[in-house]
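What follows is each chain in one-letter form.
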Amino acid sequence: MAESFDAKEHQHVRFNPLKGEWVLVSPHRLKRPWSGQVEKAAEVSIPRHDPKNPLCPRATRANGKVNPDYSSTFLFENDFPALLQEGAPQPGPSGHPLFRAESAVGTCQVMCFHPWSDITLPLMEPSDIRAVIDKWADIITDLGAKYRWVQIFENKGAVMGCSNPHPHCQVWASNFMPNEPQIKDTHQRQYYAEHKVPLLVEYARMEAEKKERIVVENEHWLAVVPYWATWPYETMLLPRSRHILRLTDLTPEERDALADIMKRLLTKYDNLFETSFPYSMGWHGAPTGESLTEDNFHWQLHAMYYPPLLRSATVKKFMVGYEMLALPQRDLTAEQAAEKLRNLPDVHYKQRSDQS
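Residues numbered from 1 in each chain as written. Predicted model: local features only at pLDDT ≥ 70, side-chain atom pairs only at ≥ 80, totals over all residues. Heavy atoms only, no water.

Enquirer: Please set out the packing of helix H2 (residues 179-195) against helix H3 (residues 199-210) residue by residue, giving values where relevant.
Expert: In the contact formed by H2 and H3, the axes pass within 8 Å of each other and the chain directions differ by 75°. If you check the angle between H2 and H3, you find them roughly perpendicular. In this structure, H2 uses His-187, Gln-188 and Tyr-191 to contact H3, whose residues at the interface are Leu-199, Leu-200 and Glu-202. Considering only residue class, the contact of H2 with H3 consists of 3 nonpolar, 2 polar and 1 charged. (Axes fitted to C-alpha atoms, helices over the stretch in contact; angles between N-to-C directions. Helix = DSSP H or I, 4+ residues; strand = E, 2+ residues; numbered from the N terminus. Parallel < 35°, antiparallel > 145°, perpendicular 65-115°, else oblique. Contact = heavy atoms within 4.5 Å. Nonpolar A, V, L, I, M, F, W, Y, C, P; charged D, E, K, R; others polar.)

If you want it as structure tokens, here you go:
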């Protein structure tokens, strides 16, 4: 008698409909012996205010500007931007299709979440997280009036290349659609044309029914480990049922619920290995600029969290070899990762009563 397929035991590939890509899942590899390090990362003492830290209130930045004595969020132009609003000449004709270049115009900003350097989003009050969400929406409104794409993203932790521990994110706005959202635009548009429902609206509905990949949820939001996740503890944050194109479309109740679910999700991340969990995260929604007047019904707002940690606070996954040259691979299934995260305490490990 042929053996029945078991996703928790047998190798298989899963399709990512958002990007038209496959990921190899190899759960049998979890049985291999592991002799690597599993210890906790040493806690780093971070001062609440460092006058030499250019993100702190009242600090002087590299360009000589002095930050205000801010008490909530603080947004400013990046002192070392990757995109400039003007000044770069237009590329000329390449003369051959293999050597194309196009104009790139934009702006880069930095947004501080809080005046304290020794705090992160899961340790902030819900009202402070709500202030971050409101500022994100304001940014989409302001920059989205001019630029076709506004990318809000946060790199948290030194392992993700973040050199400053002060809680902050970045904003890069451009006159062009970057690769990742362009790919998602194409596949969401194709799915809607074929099925007459936005891809991620349908996906959220089905995840809400199945529940096996949900990490946290509330009345308005779902945080799931996507069926096609690549990173070990990758998650996607989705509106639970309402069709929402952009952050600017969120109601006050949805913004409060978003603050709640962000705090709960990020608390579980930190509790997994009892460390300040590193990740790269960002928001994707319908394009802006000239696209504001176009039909973007196929889009659904969502956020992605890509944390690299694999087995402990000091052991990370590397995307190398086969994954760079062929396709992504993971051992832990999305369902197993979701269960691990879901079963973690809702109270942050630094705030438990038994912690001294």
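Now that the structure has been shown, the text picks up again.
Enquirer: Account for the packing of aromatic side chains, with residues named and values stated.
Expert: Tallied over the entire structure, the rule returns 16 aromatic pairs. When the centroid spacing of 5.0 Å and the interplanar angle of 25° are considered together, the rings of Tyr-70 and Phe-74 count as stacked. Judged by its relative accessible area of 7%, Tyr-70 is buried. Measuring from ring centre to ring centre gives 5.3 Å for Tyr-279 and Tyr-305, while their planes differ by 75°; the resulting arrangement is edge-to-face. In this pair, Tyr-279 is assigned in strand E10 (residues 279-284) and Tyr-305 in strand E11 (residues 302-306), connecting sequence segments 26 residues apart. (Phe/Tyr/Trp six-rings, centres within 6.5 Å; stacked < 30°, edge-to-face > 60°. Buried < 20%, exposed > 50% of the residue type's maximum accessible area, 1.4 Å probe, protein only.)

Enquirer: Kindly report on the environment of Pro-278, identifying the contributing residues and their values.
Expert: Position of Pro-278 among the secondary structure elements: in the loop between helix H4 (252-273) and E10. On a C-alpha basis, the gap between Pro-278 and Leu-24 in space is 24 Å, while along the polypeptide they are 254 residues apart. Among all residues touching Pro-278, those that are not within four sequence positions of it are Lys-156, Gly-157, Val-159, Met-160, Pro-307, Pro-308 and Leu-309.

Enquirer: Can you lay out the sheet that holds strand E7 (residues 214-217) for me, pointing to particular residues and giving the numbers?
Expert: Pairing within the open sheet is antiparallel, and its 9 strands lie in the order E3-E4-E6-E5-E10-E11-E9-E8-E7. With partners counted over all chains shown, the strands left at the sheet margins are strand E3 (74-77) and E7, one partner each. Between one strand axis and the next, the sheet turns by 20° as a mean value, whatever way the strands run. Of the strand pairs in this sheet, strand E5 (residues 149-156) and strand E6 (residues 168-174) are connected by 5 bridges, and their pairing is antiparallel. Note that in E6 the partner of Trp-149 across the bridge is Ser-174. Across the face of the sheet, H2 comes into contact with E5, E10 and E11 while running at roughly 50° to E10. Lying on the sheet, H4 is in contact with E5, E7, strand E8 (221-224), strand E9 (235-239), E10 and E11; it crosses E7 at an angle near 140°. (Pairing = 2+ DSSP bridges.)

Enquirer: Can you break down the environment of Ser-312 residue by residue, with the values?
Expert: Turning to its location among the elements, Ser-312 is positioned in strand E12 (residues 309-312). For the pair Ser-312 and Phe-273, spaced 39 residues apart in sequence, the C-alpha to C-alpha distance is 5.8 Å. Of the polar contacts made by the side chain of Ser-312, one reaches the backbone nitrogen of Val-315; its length is 3.3 Å. (Polar contact = N/O pair within 3.5 Å; in protein donor to acceptor, adjacent residues only side chain to side chain.)

Enquirer: Go over the side chain of Ser-280, please, and point to the residues and values.
Expert: Structurally, the position occupied by Ser-280 is in strand E10. In this view, Ser-280 contacts Glu-154, Asn-155, Met-160, Met-304, Tyr-305 and Tyr-306; residues no more than four positions away in its chain are not counted.

Enquirer: Tell me about the sheet that holds strand E14 (residues 329-330), residues and numbers included.
Expert: Taking strand neighbours across the sheet as the criterion, the 3 strands line up as E1-E2-E14 in an open arrangement whose pairing is mixed. Each of the sheet's edge strands pairs with one partner strand only, and the pair in question is strand E1 (12-16) and E14. With 2 bridges joining them, strand E2 (residues 21-25) and E14 adopt parallel strand pairing. Bridge pairing in E14 links Leu-24 to Gln-329.

Enquirer: Please set out empty space enclosed by the protein residue by residue, giving values where relevant.
Expert: To find leftover empty space, one rolls a probe the size of a water molecule over the atoms. For the coordinates displayed, the defined rule picks out 1 cavity of 30 Å³ or more. In this structure, the largest cavity encloses a volume near 120 Å³. Elements that contribute at least two residues to the lining of the largest cavity include exactly E5 and E10. In the lining of the largest cavity, the residues fall into 8 nonpolar, 3 polar and 2 charged. (1 Å grid on protein atoms, 1.4 Å probe; cavity = no way out; pocket = protein on both sides within 12 Å on 5 of 7 lines; lining within 4 Å. Points joined across faces, edges and corners; volume = space filled by probe spheres on them.)

Enquirer: Let's hear about the nonpolar core: which residues, and what values?
Expert: Judged by nonpolar contacts, the single largest core of 55 residues is most densely connected at Trp-136, Leu-237 and Trp-283. Here Trp-136 is in contact with Met-111, Phe-113, Ile-152, Cys-169, Leu-247, Met-262 and Trp-283, once residues within four sequence places are set aside. Judged by nonpolar contacts, the second largest core, of 12 residues, contains Leu-18, Leu-200, Val-224 and Trp-228. (Core = buried A, V, L, I, M, F, W, Y, C linked by side-chain atoms within 4.5 Å.)

Enquirer: Give me the lowdown on unusual backbone geometry, citing residues and values where you can.
Expert: The phi torsion at Arg-58 lies on the positive side, around 70°, for a residue other than glycine. Of note in the backbone geometry, Glu-274 takes a positive phi value of approximately 50° without being a glycine.

Enquirer: Could you give me a rundown of the pattern of salt bridges, with the residues and numbers involved?
Expert: By the definition in use, this model includes 26 salt bridges. Between Glu-207 and Arg-213 there is a salt bridge, with the nearest N and O atoms lying 2.9 Å from each other. Glu-274 is the salt-bridge partner of Arg-352, the closest N and O atoms lying 3.4 Å from each other. One end of the pair, Arg-352, is in the segment after helix H6 (334-342); the other, Glu-274, is in the loop between H4 and E10, and 78 residues separate them in sequence. (Salt bridge = Lys/Arg side-chain N within 4 Å of Asp/Glu carboxyl O.)

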